[in-house]
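Chain by chain, the residues:
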Amino acid sequence: MAESTVKAVVGNVSNLAVQETSLLCGVTLEVECLKNELERLKWYLKSADAKWRSGDDRVATWVSQIKAVSYEAENVIEVTDYMGKRNRLKKGFLGAISRYAHLPGDLITLHKVGVEIKRVRRKLDEIFQSAERLKFILDSSVVDDKVHVDGESQQEYGLMYENIEDDFVMVGFEDEYEEIVDKLVDIDKDLSVVSIVAMGGAGKTTLARKVYSSSIVEQHFEKIAWVTVSEKYKGIDLMKDIMKQLMGTRGDSLEQMEEYEVGKKTHDFLLHRRYLVVLDDVWETNTWDQINRKVKAFPNASNGSRILLTTRKEDVANHIQMPTHVHHLKKLDEDESWKLFNSKALPSYIRRTIIDVYEFEELGRNLARKCDGLPLALAVLGGYLSRNLNTQTWCDILLDWPSTKNGQMMREILARSYKDLANHHLRSCYLYFAAFPEDYKISVLALIEVWIAERFIPHLPNHKLEETAHKYVLELAQRNLVQVIERSEVHGCILTVRIHDILRDWCIEEARQDGFLDVINKTAGQGGPSSSNTMISYHSSVQNLNGDLICHESISNSARTLIVFRIPSVSLSNQLKLLRVLHVEDSSLENFSRIIGGCIYLRYIRLRRCKGVTLPSSIGQLLYLETIDLKCTQMDSVVPKSLWDIPTLRHVYLGNEFSPPRSLRHKELQTFELYLTRAETKYRRHNMVIFLGQMNQVTTFSWAISHIPLEVINIFANMPHLVDIYLNKFSVLKTIPAKFPQSLRCLVLFADIIEQDPMPMLEKLPSLVVLELSGYRGRIMSCSAKGFQRMQSLKLDEFSIEEWRMDVGSMPRLSHLALRRCRQIEKLPEGLLHVRLLIGDIELFNVPQITEDDNILYELQSRGWKVKRSP
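None of these values were measured; they are calculated from a predicted model.

**Student:** Please explain the overall build of the protein chain as it appears in this structure.
**Tutor:** A tally of regular secondary structure across the protein chain gives 28 helices and 29 strands. In the protein chain, which comprises 871 residues, the proportion classed as buried is 56%.

Below, the structure written as structure tokens:
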């Protein structure tokens, strides 16, 4: 419902009016009056939300009117807010004047602001009159919503993290998993296809991912690749994606290849290799023909190569002209349905708190039967009911069960779960998933940064915005509304997620109805400008009816968010002055340098793998900018020094075009990542060290360059808040100095040579959880009894050690050990037998002297530790 957007905007407007408008005395009174009237909207919205939840759709038009006027109010108030910020930051004579008097240009702007405020207030009067006619209750007791998970204890959060299963978990498909793996690795040498056929939500992709990630499959095939096809696709894009995964080819050379060249290079590369290619979610019978239309990309080398395909249609599975095994995925039976539903609705950490658990079990078994054996329905319904633990709710759902025809059951379950989300902030966060392409792996850190930029995350007492946002991700995962892909080794939090295509389709439909988002496949011929005032997401698709250019005429001038994926060319308009978020991937940008300085309200810029990007000095006028991410983007200029004058800047990700200024004016930066692929002069590296040493508030620091200056080690002593450090790589380090802050939890440090044992220094860090090192050239490595008390993950690469000494009591919490290219080590240390965890995993890659006969390895395996070995 649009109420989600309205409250977020109203809350942001309130903050703006309080923070800055006192500097602009001429309009302060008018701004405060507008703020108070917007606050009154919250009181009506509580009543409107209740009517909406009960099924009263009459409020939809009224709320959409509020949404529009709220955006107008935010726009006009941010004009005065921006003027206040700008005048305070001005330097010299004009700066002194502007702080105590208004320049002529400002006076003209303030007059326009006053006129606009009066116009907005007239609209608000009409809206209040409509509210009275609709008999909304004016509830002045309303306070800002809080997601109900905020009150839960850290202990319960740990249990929730343990309970949330990742994307690969299966119930009821164990036999089918073994059958498909056997078909893929059997002795038949001819290239063949294994197809999994079932309806949407039946678990095809989950099963295929489990097969794809199995150690048997990984070790059997020399090369593997996975692409999601879906209803709209471009054959050339699929082939380029496959080529990237198989051959590692990237950059301009790949992007400029024609279809024939991509297919020919792929064919030649695979000709003498056993490979597995997964085509997930294929809809059309001619997809295989389209991929191979220029050249046969996947050769039959008579070496046991395979194609794994998932589809909803049997004719698609049977269309490919080669030996084919079609596997019809069965629905879950009654026992399997209950097992899956029970794991989601009544996990162990919840069951132990319920007195009448047997009553819930009886109702749950009946509900599980109603889900028609579909894992997605069982998981989402179970997640919803795990947050509604009262028997009346369970009974009501059972009595009011929707029809199973035409997907109605799944839509009803999703709508119920969405409405049950604890507040408008969380509902806005969930609808945001509609902006991403199908099967897109979403970085949680990037997602949180953009949620904050969109003002979806509320300010709560004693909570950082990032902490609240992480809890939102956890809540959505616990409800099975998103799928967990990857977790942090540091503290188990979720790193990457994706959304099921059925759930994503529902989000798109809901977002469009609310006016929250337009998702446009521009190249599929959906013409005309977007009608959305909030967010527009452009995706590439199979057809190319209108060319490969998004021109400014197709983007609404009132758009506040623009998200673009894989559109070859994007032309920005100088009318896009209301943008708050700009996210573009795999595209070429036109007019960027000319336009970007005028988008003064931008809070978030993310340009990944883009071309034609020049950052002008006017970037310093973006006084609200919080995040700028230019990783892997081809820059046509250096990053201007004015970027570092932005007071709100918090997260910076840069590449080769970084040129360090002399000083960092605002030192509140939290994240700094720098990836340099070209060699830097000694002078420039020295200047970088001086500049970086001023970042004393940073929590995440990453620097990748061919030769990191040795003196960079010394800057970390002045960064007391550091949590994560990634350094790649040093040439020669004589020793690891005791310069790292006590707060450090993750250290990744690569060097060509580390001369002295790094462990005696690093084991003293009290918070260190993850350690990854490379390059130690000593013969002995020693870990003392009281060292690494919180260490959970240790990865060592290219260590020349022959002996690892590990005292009893060292690394008591270790659960993951990886040794890579440690060719001289003769055996594992006995100290590993004294770690507290009974289950862990060990990865051995090119560690030839530690064999299956190693006593320590044998004992750990007998205790349940998993061992993954590669030659």
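Let us keep going from here.
**Student:** Looking at this model, I keep getting lost on the pattern of salt bridges. Mind explaining?
**Tutor:** Any two side chains of opposite charge can pair if their charged atoms end up close together. What the rule picks out here adds up to 37 salt bridges. A salt bridge links Arg293 to Glu259; the nearest nitrogen and oxygen atoms lie 3.0 Å apart. Taken together, the positions of Arg293 in the loop between helix 13 (287–291) and strand 4 (306–311) and Glu259 in helix 12 (residues 259–270) put the pair 34 residues apart, joining distant regions of the chain. Residue classification places Glu259 among the buried residues on the basis of a relative accessible area of 13%. For Lys330, the salt bridge identified is with Glu336, shortest N-O distance 3.1 Å. Judged by relative accessible area, Lys330 falls into the partly exposed class, the value being 36%. By relative accessible area, Glu336 is classed as buried at 19%. Put simply, Glu585, Asp586, Arg606, Arg608, Arg609 and Asp629 are held in one network by salt bridges that share partners.

**Student:** Would you take a moment to explain the sheet that holds strand 6 (residues 442–443) for this structure?
**Tutor:** Hydrogen bonds between backbone groups are what pair the strands of a sheet, and the pairing can be parallel or antiparallel. Spatially, 3 strands are ordered 6-8-7 in an open sheet, and the strand pairing comes out antiparallel. Of all strands in the sheet, those with a lone pairing partner are strand 6 and strand 7 (483–487), marking the two edges. Bridge analysis of strand 7 against strand 8 (residues 494–498) gives 4 bridges, and the strand direction is antiparallel. Along strand 8, the bridge assignment pairs Arg487 with Ile494.

**Student:** Honestly, the packing of helix 7 (residues 174–185) against helix 8 (residues 204–212) in this entry has me stumped. Any pointers?
**Tutor:** Helix packing for two helices is described by the angle between their axes and how far apart those axes are. Remark: helix 7 packs on helix 8, axes separated minimally by 10 Å, with the N-to-C direction vectors making an angle of 55 degrees. In terms of orientation, helix 7 and helix 8 fall into the oblique class. Handedness of the crossing formed by helix 7 with helix 8: right-handed. For the pair helix 7 and helix 8, the contacting residues are Glu176, Tyr177, Ile180, Val181 and Leu184 in the first and Leu207, Lys210 and Val211 in the second. Grouping the amino acids of the contact of helix 7 with helix 8 by side-chain chemistry returns 6 nonpolar, no polar and 2 charged.

Calculation notes
- Residues numbered from 1 in each chain as written.
- Predicted model: local features only at pLDDT ≥ 70, side-chain atom pairs only at ≥ 80, totals over all residues.
- Heavy atoms only, no water.
- Helix = DSSP H or I, 4+ residues; strand = E, 2+ residues; numbered from the N terminus.
- Buried < 20%, exposed > 50% of the residue type's maximum accessible area, 1.4 Å probe, protein only.
- Salt bridge = Lys/Arg side-chain N within 4 Å of Asp/Glu carboxyl O.
- Pairing = 2+ DSSP bridges.
- Axes fitted to C-alpha atoms, helices over the stretch in contact; angles between N-to-C directions.
- Parallel < 35°, antiparallel > 145°, perpendicular 65-115°, else oblique.
- Left-handed = near helix turned anticlockwise from the far one by under 90°.
- Contact = heavy atoms within 4.5 Å.
- Nonpolar A, V, L, I, M, F, W, Y, C, P; charged D, E, K, R; others polar.

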